[in-house]
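Working through the structure, step by step
Now for the letters of each chain:
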Amino acid sequence: GENVEQHPSTLSVQEGDSAVIKCTYSDSASNYFPWYKQELGKGPQLIIDIRSNVGEKKDQRIAVTLNKTAKHFSLHITETQPEDSAVYFCAASIRELVFGQGTRLTINP
Amino acid sequence: GAVVSQHPSWVICKSGTSVKIECRSLDFQATTMFWYRQFPKQSLMLMATSNEGSKATYEQGVEKDKFLINHASLTLSTLTVTSAHPEDSSFYICSARGEGGNQPQHFGDGTRLSIL
């Protein structure tokens, strides 16, 4: 079955700097790659997603890139703000989502 | 749009009791609903997948008689933890997906279950 590896497990950046989180997947048939943000005590919130027929997608300060050949995809957050602090999960899907291990992002004021 | 409501958000109960958790899609019809379990500082573990009107499909290692799932309508799924014990204490999260291939999955805010 699908296996998703996510790195780093923790990431600390200065406010205003960029943050990058990377994921790799094992099943080349996966065709949908969402990113979720989870704040403490809450459920995951979908922040951006990309499908396998697209290489890059951007939504304001958030962007996702997909390299199907290498089977990896990345989340980029620019101009980080304290409210970006949370745990971020990547996932890959054919039918059901398979999640990465999560990245705890801390934005330092 | 795409709001999933989960209730209750927090439950504390005695060992041996059964607990029901509700998951509702408020503004879309959820063809498929998912139930996850999350331990502290860990990722989400899929417990089961349910399609409206059908029996749930459980992941390996998840006891179907322990975790009863009902998906009776396109907007409601329930998870009942039967005869709960302290080891069942966890954060349970539901998710819903609409009709059509590869629709996004939207999550509820989870239920923290504590069994004394």
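For the structure itself, consult the block above.
Summarised in this report is the structure supplied together with it. (Residues numbered from 1 in each chain as written. Chains lettered and ligands numbered in written order. Predicted model: local features only at pLDDT ≥ 70, side-chain atom pairs only at ≥ 80, totals over all residues. Heavy atoms only, no water.)

**A short note on the overall build of chain A**
To keep it simple, the criterion reads: What counts as a helix is a DSSP run of H or I of at least four residues, what counts as a strand is a run of E of at least two, and both are numbered from the N terminus. Our radius of gyration looks at C-alpha atoms and nothing else; its globule reference is 2.2 Å times the residue count to the power 0.38. Buried, partly exposed and exposed residues are distinguished by accessible area as a fraction of the type maximum, computed with a 1.4 Å probe on protein chains only: under 20%, between the cut-offs, and over 50%, respectively. Should any heavy atoms of two residues lie within 4.5 Å, those residues are counted as being in contact. Per-residue and other accessible areas were derived by the Shrake-Rupley procedure at a 1.4 Å probe size, with only the shown protein chains allowed to occlude residues. Note that His is not counted, nor are the chain ends; the positive residues are Lys and Arg, and the negative ones are Asp and Glu. Each charge is placed at NZ for Lys, CZ for Arg, CG for Asp and CD for Glu.
Along its length, chain A carries 0 helices and 11 strands. Of the regular secondary structure in chain A, the N- to C-terminal order runs β-β-β-β-β-β-β-β-β-β-β. In summary, chain A has a C-alpha radius of gyration of 13 Å against a globular reference of 13 Å for 109 residues, a match within 12%. Over its C-alpha atoms, taken along the principal directions, chain A stretches across nearly 40 × 25 × 20 Å. Taking all 109 residues of chain A together, the buried fraction comes to 45%. For chain A, the share of sequence-separated contacts (at least 6 apart) that also reach a separation of at least 24 residues comes to 52%. Within the structure as shown, chain A displays about 5,400 Å² of accessible surface, and the carbon and sulfur contribution to it stands at 46%. Here chain A carries 11 positive and 13 negative side-chain charges, and the mean point of each set is 4 Å from the other.

**Digging into the environment of Asn3(A)**
All names here are of chain A. As a reminder, the rule being used: Polar contact criterion, stated in full: a pair of N or O atoms within 3.5 Å, where within protein one must be able to donate a hydrogen and the other to accept it, and residues adjacent in sequence count only if both atoms are side-chain atoms.
Of note, Asn-3 is situated in the segment before strand 1 (4-7). Owing to a relative accessible area of 39%, Asn-3 belongs among the partly exposed residues under this scheme. Note: C-alpha distance between Asn-3 and Gln-38 (35 residues apart in sequence) is 21 Å. Side chain to side chain, Asn-3 and Glu-5 meet in a polar contact 3.2 Å long.

**Examining the sheet that holds strand 6 (residues 56-59) of chain A**
Residues and elements named next belong to chain A. To keep things clear, this is the line we draw: Two strands pair under a simple rule: DSSP has to find at least two bridges between them. Axis definition: a line fit to C-alpha positions, over the contact stretch in the case of helices; interaxial angles, taken between N-to-C directions, run 0 to 180 degrees.
Taken together, 5 strands build an open sheet; the order of strands is 1-3-8-7-6 and the sheet is antiparallel. Only two strands of the sheet have a single partner each, and these edge strands are strand 1 and strand 6. Direction aside, neighbouring strands of the sheet carry axes that sit 15° apart on average. Sheet analysis places strand 1 next to strand 3 (residues 19-25), joined by 4 bridges and oriented antiparallel. Looking across to strand 3, one finds that Gln-6 is bridged to Cys-23.

**Quick look at the sheet that holds strand 1 (residues 4-7) of chain B**
Residue and element names in this part refer to chain B. Here 4 strands make up an open sheet; going across it, the order is 1-3-8-7 and the pairing antiparallel. In this open sheet, the two strands that pair with only one neighbour each are strand 1 and strand 7 (67-73). Sheet twist, expressed as the average angle between the axes of neighbouring strands with direction ignored, equals 15°. Bridge count for strand 7 against strand 8 (residues 76-81) is 5 bridges, and the pairing is antiparallel. Paired with Ser-73 across the bridge in strand 8 is Leu-76.

**Notes on the interface of chain A and chain B**
Rule in force here: Once two parts are put together, the accessible area they lose, assessed with a 1.4 Å probe and summed over both, is termed the buried area. A pair is scored as a salt bridge if a Lys or Arg side-chain nitrogen falls within 4 Å of a carboxyl oxygen belonging to Asp or Glu. Residues are grouped as follows: Ala, Val, Leu, Ile, Met, Phe, Trp, Tyr, Cys and Pro are nonpolar; Asp, Glu, Lys and Arg are charged; all remaining types, including Gly, are polar.
Between chain A and chain B, the contact holds 21 residues from the first and 19 residues from the second. Of all residues in chain A, the largest losses of buried area upon contact with chain B belong to Pro44(A), Glu96(A) and Phe99(A), amounting jointly to 27% of the total for that side. On the surface where chain A and chain B come into contact, there are 0 salt bridges. Here chain A is connected to chain B by 5 residue pairs in polar contact (both at pLDDT 80 or more). At the level of elements, strand 4 (32-38), strand 5 (45-51), strand 9 (86-93) and strand 10 (97-99) of chain A are the ones that each hand at least two residues to the side of chain A that touches chain B. In the side of chain A that touches chain B, the residues fall into 8 nonpolar, 7 polar and 6 charged.

**With respect to the packing of aromatic side chains**
Condition: Aromatic rings from Phe, Tyr and Trp, with only the six-membered ring used for Trp, were paired whenever their centres fell within 6.5 Å, and each pair was classed as stacked if the ring planes differed by under 30 degrees, edge-to-face if by over 60, and tilted otherwise.
All chains considered together, the criterion is met by 11 aromatic pairs over all chains. A centroid spacing of 5.0 Å and a plane angle of 85° characterise the contact between Tyr36(A) and Phe107(B), whose relative ring orientation is edge-to-face. Placement of Tyr36(A) in strand 4 and of Phe107(B) in strand 10 (residues 105-107) is noted, with the two residues assigned to different chains. Centroid distance Tyr36(B) to Phe107(B): 5.4 Å. Interplanar angle 45°. Geometry classified as tilted. Here the residue Tyr36(B) occupies a position in strand 4 (residues 32-38), and Phe107(B) occupies one in strand 10, the gap between them amounting to 71 residues. Of the two residues examined, Tyr36(B) and Phe107(B), each falls in the buried class. One aromatic cluster in this structure is built from Tyr36(A), Phe89(A), Phe99(A), Tyr36(B) and Phe107(B).

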